[in-house]
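# Inside the fold
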Amino acid sequence: MVQAPERTASAPATTDPDGRDETSMTFVDAIQGTLRDVMRADDRVVILGEDVGRRGGVFRVTADFLEEFGDDRVIDTPLAESGIIGSAIGMALNGLLPIAEIQFLDFIAPAMDQIMNEAARLRYRSNNDFHCPIVIRAPFGGGVHGALYHSQSIEAMFVHTPGLKVVVPATPADARGLLLAALRDEDPVLYLEHKKMYRSIRGPVPAGDEIVPLGVARLVREGTDATIITYGLMVHEATLAATAVSEETGASIEIIDLRSLKPLDERAILDSARKTGKVLVVTEANRPCSVASEVAALVGEEAFAYLDAPVMRVAAPDVPAMPFSPPLEQAFMVGAGQIGTALRRLVAF
Amino acid sequence: MATEPIVAPDHAIQRAFQPGAALANGASDPDDLGPVPIADPLTATVAPASIGDAGLPAETLRQMYQALVRARSLDQRIWQMNRIGQAPFVVSGQGHEAAQIGAAFALDRERDVLVPYYRDLALCLAWGLTPADMMLSVLARAADPTSGGRQMPGHYGSSRLRIISGSSVVATQLPIATGVAYAAKLRGTGQVTIVTFGEGASSEGDFHEACNFAGIHRLPMIFFCENNQYAISVPQSLQLAIDHVADRAAGYGFPGVVVDGDDLLAVYHAVAAAVAQARKGDGPTLLEAKVYRYTPHSSDDDDRAYRDQDEVKARRARDPVRLFETRLRDLGLLDDEAIAAIQRDINREIDDATEAAEAAPLPDPATYDRHVYAGG
Ligand SMILES: Cc1ncc(C[n+]2csc(CCOP(=O)(O)OP(=O)(O)O)c2C)c(N)n1
Ligand SMILES: [Mg+2]
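Residues numbered from 1 in each chain as written. Chains lettered and ligands numbered in written order. Predicted model: local features only at pLDDT ≥ 70, side-chain atom pairs only at ≥ 80, totals over all residues. Heavy atoms only, no water.

### A word on the overall build of chain B
Quick note on the threshold: Only DSSP runs of H or I reaching four residues or more are called helices, and only runs of E reaching two or more are called strands; each is numbered from the N terminus. Put simply, the radius of gyration uses C-alpha atoms, and a globule should come to 2.2 Å times the residue count raised to 0.38. Each residue's exposure class comes from its accessible area (1.4 Å probe, protein chains only) as a fraction of the maximum for that residue type: buried when under 20%, exposed when over 50%, partly exposed otherwise. Note on contacts: a residue pair qualifies if any of its non-hydrogen atoms lie within 4.5 Å across the two residues. Note on areas: Shrake-Rupley, 1.4 Å probe, and residue coverage restricted to the protein chains presented here.
Along its length, chain B carries 11 helices and 8 strands. The C-alpha radius of gyration computed for chain B amounts to 20 Å, which stays within 12% of the reference 21 Å derived for 376 residues, consistent with globular compactness. Summarising its shape, the C-alpha atoms of chain B cover approximately 65 × 50 × 45 Å along the three principal directions. A burial count over chain B gives 59% of its 376 residues as buried. The long-range share in chain B, meaning contacts at least 24 apart out of those at least 6 apart in sequence, stands at 75%. With the model as given, the accessible surface of chain B reaches about 14,900 Å², and the carbon-plus-sulfur share is 52%.

Structure representation (structure tokens):
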């Protein structure tokens with residue numbers, strides 16, 4: 001019988017025996033350590049993707065995994081994304097727990113059918129007879145001179161696909177907690193890693209098996225005058241902007257890191273909107289139909305009476321993708337400067 | 001016309017591709033290391049090794065040599081610029097040049113259509129892009145003719161030259177080339193379309209879809225696979241379960257041909273035959289040139305993690321540029337003096353190109369949102 005495995009609550013072996021110690025590590029090390037822990041803890045977990053074995057991934061996220069876990073569980077696939085995701089779905093349907101890597105989110109398009117029409121719709125179409133516990137990891141995001149095809153933030157397409165979950169950690173701790181949650185989730189999860197953060201962001205990472213539940217936002221800092229809602233690299237840019245604007249104006253700025261784009265923590269968003277009455281939503285992605293659009297609409301519908309200003313969005317322009325040449329890249333890429341400008345307007349409103 | 005056979009007879013080829021076998025006919029084998037063995041294909045044919053001048057005029061052979069050296073020198077210069085921090089990203093075609101130049105010369109570059117991929121510096125140079133164009137792209141200047149500095153270097157394109165602009169997405173160019181060839185056939189333009197790609201790209205669904213359509217409609221096109229045995233780190237053995245991408249042609253109803261990509265003139269004749277077939281209306285060919293990539297995948301890669309450096313050294317020793325140079329020396333078409341003169345001219349051209357690009361302005365940031373739609 002074909003059966004998807006139960007997502008067990010089995011604790012992965014922790015890197016730290018007492019499970020309490022928090023060590024500071026880079027974003028990429030947090031992901032790598034977590035992947036290694038789950039590979040060690042459960043031999044149903046397999047990793048598949050382009051260059052994940054011998055090369056250890058083009059960003060070295062799975063460096064030395066091939067040596068430790070062997071080529072049955074660390075699969076250097078042919079260059080074929082539809083095959084990668086389709087195979088992952090099939091593996092999940094027959095007892096494995098696959099983690100598929102798409103080398104860059106920009107190159108996920110050949111797998112769209114498998115993701116949108118198969119993985120995301122399997123449970124619903126089979127009236128709950130089948131489900132699809134796969135995790136898809138993909139680096140995304142810009143600001144790394146990656147040009148049009150190594151910079152994209154196309155997460156909204158997946159948020160627009162019911163049946164999928166989408167998470168975007170902004171800290172090493174969340175990288176671990178969300179990955180553990182994604183692995184234990186019984187539905188397909190797209191786990192997006194901002195490539196600019198891999199080696200530029202450090203932070204404490206709990207060693208245990210504590211998950212960060214999907215659908216729960218993180219309060220980055222508390223404030224009373226305005227709220228910034230964002231995710232991914234933009235959490236760090238927003239923090240810079242908020243610090244600068246607070247110093248300048250004395251305004252108290254709250255920042256919420258969504259972490260999960262699907263499911264969305266509507267409660268955290270609305271509570272903060274009602275408290276501060278001023279909301280700025282920031283995304284690195286193109287503006288129309290973006291996650292920022294969704295958050296803004298939600299606030300408009302559910303917290304209108306509490307608002308002291310129109311909900312604002314800062315987003316990438318409606319231009320196909322990040323250009324290569326530095327002046328063009330800077331013009332395209334959302335950063336602290338642009339967020340600060342919007343925030344000043346919002347605070348002064 | 002040449003009186004010498006332009007290619008080795010078949011039986012010679014069979015022997016020539018045995019490991020360690022000497023070339024037949026006492027033909028000048030410029031390569032002490034002997035040919036790289038090519039395993040017997042399942043359905044494809046192996047193109048004959050070239051002999052002597054392969055029936056080509058001295059002037060053409062000299063132009064080919066010049067094109068080779070130009071590509072290699074420019075490629076090396078760009079790579080060096082990256083290593084000293086002057087070029088943020090580069091992708092190299094070193095090792096692929098003979099295959100690319102052989103192919104370029106077999107087509108009508110005034111009329112035919114090229115659908116290249118990122119390794120095709122030599123091919124695109126031979127097709128009409130200049131070192132100055134390339135440097136503008138490497139330094140992401142506003143005047144970069146292929147993208148105005150918007151794309152990474154290596155993403156060639158020019159409507160004027162009939163080089164179709166490409167993305168970084170592997171294999172997407174293949175169905176596009178099929179459409180270009182269909183249009184050429186329907187409109188009766190007489191154009192042949194050549195589309196290039198790596199062996200890794202042949203794993204994508206787009207490869208299958210393109211070949212299938214091209215076979216059904218007997219399109220005037222050439223699928224030119226530059227098989228360098230690796231897709232980033234993934235070796236051919238994990239990419240396909242057979243020895244030759246060209247063997248797949250049988251499944252689409254057209255011929256597959258395997259050719260030693262270090263043998264410029266063998267590639268030239270193999271592509272010329274495919275062009276002749278396409279122009280006559282007899283449909284596509286899947287040509288696979290066996291090559292080797294000398295550099296890491298790109299400037300962001302480190303190949304020591306996955307490639308035995310002795311293997312790299314051994315393949316570098318069989319350098320197609322040196323092989324061709326030796327061939328022309330043996331034919332009496334080149335000597336030290338001529339070689340030095342050619343190199344000198346090329347170095348000057350590259351110096352000029354670099355200086356011009358360095359002096360050229362970067363794009364105006366205000367233009368970042370132009371050309372999303374017509375009239376913008
Ligand atoms: C659809 C897609 N998937 C993955 C990538 C990342 N990638 C770029 S080049 C490459 C390897 C290509 O290998 P091959 O086709 O053999 O060409 P080569 O680079 O060896 O010339 C990969 C995996 C991509 N650009 N596009
Ligand atoms: Mg290759």
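On we go from here.
### Observations concerning the site of ligand 1
Rules: A molecule or strand has a residue near it when one of that residue's heavy atoms lies within 4 Å. By the criterion applied in these results, polar contacts are pairs of N or O atoms within 3.5 Å in which, for protein atoms, one can donate a hydrogen and the other can accept it, and in which residues neighboring in sequence qualify only through two side-chain atoms. Residues are grouped as follows: Ala, Val, Leu, Ile, Met, Phe, Trp, Tyr, Cys and Pro are nonpolar; Asp, Glu, Lys and Arg are charged; all remaining types, including Gly, are polar.
By nearness alone, 21 residues border ligand 1, and Glu81(A), Tyr117(B), Tyr118(B), Ser168(B) and Tyr230(B) come closest of all. Looking at the residues close to ligand 1, they fall on chains A and B. The side chain of Arg119(B) places a nitrogen or oxygen atom 2.8 Å from an oxygen atom of ligand 1. Contact between ligand 1 and Ala201(B): an oxygen atom at 2.9 Å from a main-chain N or O atom of the residue. Protein burial of ligand 1: of its 580 Å² of free accessible surface, 97% is covered by the chains. Classifying every residue of the shell around ligand 1 gives 10 nonpolar, 6 polar and 5 charged.

### A look at the coordination of the magnesium ion (ligand 2)
All names here are of chain B. The test is simple: Counted as donors are the N, O and S atoms within 2.8 Å of the metal, or 3.2 Å for Na, K and Ca, while water is not among the atoms, so some sites may look incomplete. Donor angles set the geometry label: tetrahedral for four donors if every angle is between 85 and 135 degrees, square planar for four and octahedral for six if opposite donors exceed 155 degrees and the others are between 65 and 115, irregular for anything else.
Taken together, Glu199 (OE), Glu199 (OE), Asn228 (OD1) and Tyr230 (O) make up the protein donors of the magnesium ion (ligand 2), found 2.1 to 2.7 Å from the metal. The coordination sphere of the magnesium ion (ligand 2) comprises 6 donor atoms, whose angles at the metal cover 51 to 177 degrees; the geometry is irregular. Ordering the donors of the magnesium ion (ligand 2) by residue number gives the pattern E-x28-N-x1-Y. Residue classification places tyrosine 230 among the buried positions, given a relative accessible area of 10%.

### Remarks on the confidence of the model for chain B
The test is simple: The predictor rates its confidence in each residue with pLDDT, a number between 0 and 100.
Overall, the prediction assigns chain B a mean pLDDT of 92, with 91% of residues at 70 or greater. In the predicted structure, residues 1-32 of chain B sits below a pLDDT of 50 and forms 50 contacts with residues beyond four places in sequence or in another chain.

### Some remarks on a nonpolar patch on the surface
Put simply, the test is: Each patch is built from residues that are more than 30% exposed by relative accessible area and take part in no salt bridge. Like charges join if they lie within 9 Å; nonpolar side chains (Val, Leu, Ile, Met, Phe, Trp, Tyr) join within 5 Å. A carboxyl oxygen of Asp or Glu within 4 Å of a side-chain nitrogen of Lys or Arg is what we treat as a salt bridge.
Taken together, the side chains of Tyr182(B), Leu186(B) and Phe213(B) define a hydrophobic patch exposed on the protein surface, amounting to about 300 Å² of accessible area. By the secondary structure assignment, Tyr182(B) is in helix 6 (residues 173-187).

### Here's the deal with the layout of surface pockets
To locate leftover empty space, one rolls a probe as large as a water molecule over the atoms. All names here are of chain A. For clarity, the threshold we go by: In the cavity and pocket records, a cavity denotes points on a 1 Å grid over the protein atoms alone where a 1.4 Å probe fits but cannot get out, a pocket denotes an open set with protein on both sides within 12 Å along at least 5 of 7 lines, and lining residues are residues with an atom within 4 Å of a point. Grid points are joined across faces, edges and corners, and a volume is the space filled by probe spheres set on the points.
What the second largest pocket holds in volume is close to 460 Å³. Within the residue set of the lining of the second largest pocket, elements represented by two or more residues are helix 6 (155-159), strand 13 (279-286) and helix 10 (291-302). Residues that form the lining of the second largest pocket fall into these classes: 13 nonpolar, 7 polar and 2 charged.

### Some thoughts on unusual backbone geometry
In this chain, Lys262(A) is followed by Pro263(A) through a cis amide linkage whose omega measures 0 degrees. Relative to the assigned elements, Pro263(A) resides in the loop between strand 12 (260-262) and helix 9 (266-276). Even without being a glycine, Asp51(A) presents a positive backbone phi close to 70 degrees. With respect to the helices and strands, the residue Asp51(A) is situated in the loop between strand 2 (45-49) and helix 2 (65-69). If you check the backbone angles, Ala140(B) has positive phi at about 55 degrees while not being a glycine. With respect to the helices, strands and loops of the structure, Ala140(B) is situated in the loop between helix 5 (131-138) and helix 6.

### A closer look at the sheet that holds strand 9 (residues 218-221) of chain A
Residues and elements named next belong to chain A. The following threshold applies: Pairing between strands requires that DSSP locate at least two bridges from one strand to the other. For helices, the axis comes from a line fit to the C-alpha atoms of the stretch in contact; other axes are also lines fit to C-alpha atoms, and the angle between any two N-to-C directions lies between 0 and 180 degrees.
Across the sheet, which stays open at both edges, the 5 strands sit in the order 9-11-10-13-14 with mixed pairing between neighbours. On the outer flanks of this sheet lie strand 9 and strand 14 (312-316), each paired with one strand and no other. For this sheet, the mean angle separating the axes of adjacent strands, direction not counted, is 25 degrees. Of the pairings in the sheet, the one linking strand 10 (residues 226-230) to strand 11 (residues 253-257) comprises 5 bridges and is parallel in character. The residue of strand 11 that forms the bridge with isoleucine 229 is isoleucine 256.

### Thoughts on helix 9 of chain A
Residue and element names in this part refer to chain A. All buried positions along helix 9 are accounted for by Ala268, Ile269, Leu270, Ser272, Ala273 and Thr276. Of the surrounding elements, those touching the buried residues of helix 9 are strand 10, strand 11, strand 13 and helix 10. After helix 9 finishes, the residue glycine 277 shows a positive phi value of roughly 75 degrees.

### Describing the pattern of salt bridges
Between side chains of opposite charge, pairing is possible as soon as their charged atoms come close. Residues and elements named next belong to chain B. By the definition in use, this model includes 35 salt bridges over all chains. Aspartate 262 is the partner of arginine 315 in a salt bridge, and the nearest nitrogen-oxygen pair spans 3.0 Å. Residue arginine 315 is found in helix 9 (residues 309-317), and its partner aspartate 262 is found in the loop between strand 7 (256-260) and helix 8 (264-279); the two are separated by 53 residues along the sequence. Here arginine 315 and aspartate 262 have matching classes, each one buried. Two residues, aspartate 303 and arginine 307, come together in a salt bridge whose shortest N-O distance is 2.8 Å.

### Thoughts on the environment of Arg77(B)
Residue and element names in this part refer to chain B. Its place among the elements puts arginine 77 in helix 2 (residues 58-83). Separated by 146 residues in sequence, arginine 77 and phenylalanine 223 have C-alpha atoms that sit 30 Å apart. Discounting residues that sit within four places of it in the chain, arginine 77 has contacts with Met135, Asn347, Ile350, Asp351 and Thr354.

### Here's the deal with the domain arrangement of chain A
Residues and elements named next belong to chain A. What counts is decided by this rule: An automatic or database domain assignment is the source of the domain bounds shown. Two parts placed together each lose some accessible area under a 1.4 Å probe, and the buried area is that loss summed for both.
Here the domain parsing of chain A yields domain 1 (23-206) and domain 2 (218-347). A separation of 26 Å is found between the C-alpha centroids of domain 1 and domain 2. Every contact between the two is made by 30 residues of domain 1 and, on the other side, 24 residues of domain 2. A combined buried area of about 2,100 Å² lies between domain 1 and domain 2, and 61% of that area is made up of carbon and sulfur atoms.

### A short note on the environment of Gly49(A)
Residue and element names in this part refer to chain A. By secondary structure assignment, the location of glycine 49 is in strand 2. In this structure glycine 49 comes out as buried when scored by relative accessible area, which is 0%. Taking the C-alpha atoms as reference, glycine 49 lies 9.8 Å from alanine 88; in sequence the two are 39 residues apart. Every residue in contact with glycine 49, bar those within four places of it in the chain, is listed here: Ile75, Asp76, Thr77, Ile84 and Glu101.

### Regarding helix 11 (residues 336-359) of chain B
Residue and element names in this part refer to chain B. Stated precisely, the cut-off is as follows: In this analysis, the expected span of each helix is defined as 1.5 Å times one less than the number of residues it contains.
Its 24 residues place the ends of helix 11 34 Å apart at the C-alpha level, agreeing with the 34 Å of an ideal helix rising 1.5 Å per residue. Within helix 11 the residues assigned to the buried category are Ile339, Ile342, Ile346, Ile350, Ala353, Thr354 and Ala357. Those residues of helix 11 that are buried lie in contact with helix 2, helix 5 and helix 10 (320-330).

### Here we look at the sheet that holds strand 8 (residues 285-290) of chain B
Strands pair in a sheet through their backbones, by hydrogen bonds, and they do so in one of two ways: parallel or antiparallel. Residue and element names in this part refer to chain B. Sheet architecture is open: 6 strands sit in the order 1-7-8-4-3-2, paired in parallel fashion. Because the sheet does not close on itself, it has two edges, and the strands there are strand 1 (45-46) and strand 2 (113-115). Inspection of the sheet shows strand 2 paired to strand 3 (residues 193-198) by 3 bridges, in the parallel sense. Directly across from valine 115, in strand 3, lies its bridge partner valine 195. Packing of helix 6 onto the sheet brings it into contact with strand 2, strand 3 and strand 4 (221-227), and relative to strand 3 it is tilted by some 170 degrees. Along the sheet, helix 8 contacts strand 4, strand 7 and strand 8; its crossing angle with strand 4, the most-contacted strand, is approximately 155 degrees.

### A look at the interface of chain B and chain A
Each side of the interface is counted separately: chain B has 37 residues, and chain A has 32 residues. A combined buried area of about 2,700 Å² lies between chain B and chain A, and 69% of that area is made up of carbon and sulfur atoms. Connecting chain B to chain A are 1 salt bridge. Taking the shortest distance from any N to any O, the salt bridge between Asp301(B) and Arg55(A) comes out at 2.6 Å. Here chain B is connected to chain A by 7 residue pairs in polar contact (both at pLDDT 80 or more).

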